[in-house]
Amino acid sequence: VWDVRQRRVTRILTASGAKVTAVALRGDGRVGVAGRADGSLVAWDVVSGRPVARLAGHEQGVRDVALHAGGARLASASSDGTVALWRLPGGTLERRLQGHQGAVNAVDLSEDGRLVLTGGADRTARLWTVAGKPQGRVTLPGPVTRVAFGAAGAVRWVAGATFGPRSYRQAR
């Protein structure tokens, strides 16, 4: 864990197993999550340095993870074409979102915790409710590698290796 203000590493979190492929940190810096190449995830109490949950739910590697600001929900995107929604701290699998054709490269959770934004190798960005209901999709010129919510969830950003950042507004 890197403390930017102090410009130094404050803690090294280690766990045996597959290599880490994605990380996320809760807004208060107390909870961190690592997604791994074997499809598993580890949630950490960053302050103590102890793992608080080990999660298994993907058949292939985790490509991206997102923590809701409140820390009660985690989303993980996988090469297996799914997004898993988890409850923390216990690590209970809530549901699996399916719809991408191929790997899901990117995931983000809205500030209010009600929406999930995903981007995939299938060149689509998709919007879902946390209940798993599709809310819309956009087809782009290439694979979507990053997604993000902004402005209280009203604006969505997507980007890919073959196209620059694009933003989309919530229809009113």
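Everything discussed here concerns the structure shown above.
Source: prediction; values computed, not measured.

Trainee: What should I look at first to understand the sheet that holds strand β14 (residues 134-139) in this one?
Mentor: What links the strands of a sheet is backbone hydrogen bonding, and the strands pair in either a parallel or an antiparallel sense. The 4 strands are arranged β11-β12-β13-β14 in an open sheet whose pairing can be described as antiparallel. Either end of the sheet is taken by a strand with one partner, and the two such strands are β11 (104-109) and β14. Averaged over all adjacent pairs, the angle separating strand axes in this sheet is 15°, with direction ignored. Where strand β12 (residues 115-120) and strand β13 (residues 124-129) come together, 5 bridges link them in antiparallel fashion. Each residue of the ladder has a partner; that of V116, found in β13, is W128.

Trainee: Mind showing me how you'd approach the pairing of strand β6 (residues 50-56) here?
Mentor: Regular strands place side chains that alternate from one sheet face to the opposite one. In terms of strand pairing, strand β5 (residues 40-45) meets β6 through 6 bridges, oriented antiparallel. Bridge pairing in β6 links D45 to R50. Hairpin connection from β5 to β6: 4 residues lie between these consecutive antiparallel strands, with G49 at a positive phi of about 80°.

What counts and how
- Counting from 1, residues in each chain are numbered in the order their sequence is written.
- Local features in a predicted model are, by the rule used here, given only for residues with pLDDT of at least 70; side-chain atom pairs are given and counted only at 80 or more, and totals for whole chains, interfaces and linings are based on all residues.
- Calculated side-chain values reflect all of the structure's heavy atoms, with hydrogen atoms and water omitted.
- Paired strands are those between which DSSP finds at least two bridges.
- Comment: elements are numbered from the N terminus, with helices defined as DSSP H or I runs of at least four residues and strands as E runs of at least two.
- Angles here are taken between N-to-C directions and fall from 0 to 180 degrees, while the axes themselves are lines fitted to C-alpha atoms, restricted in helices to the stretch in contact.

Just distances and angles here, no functional claims.
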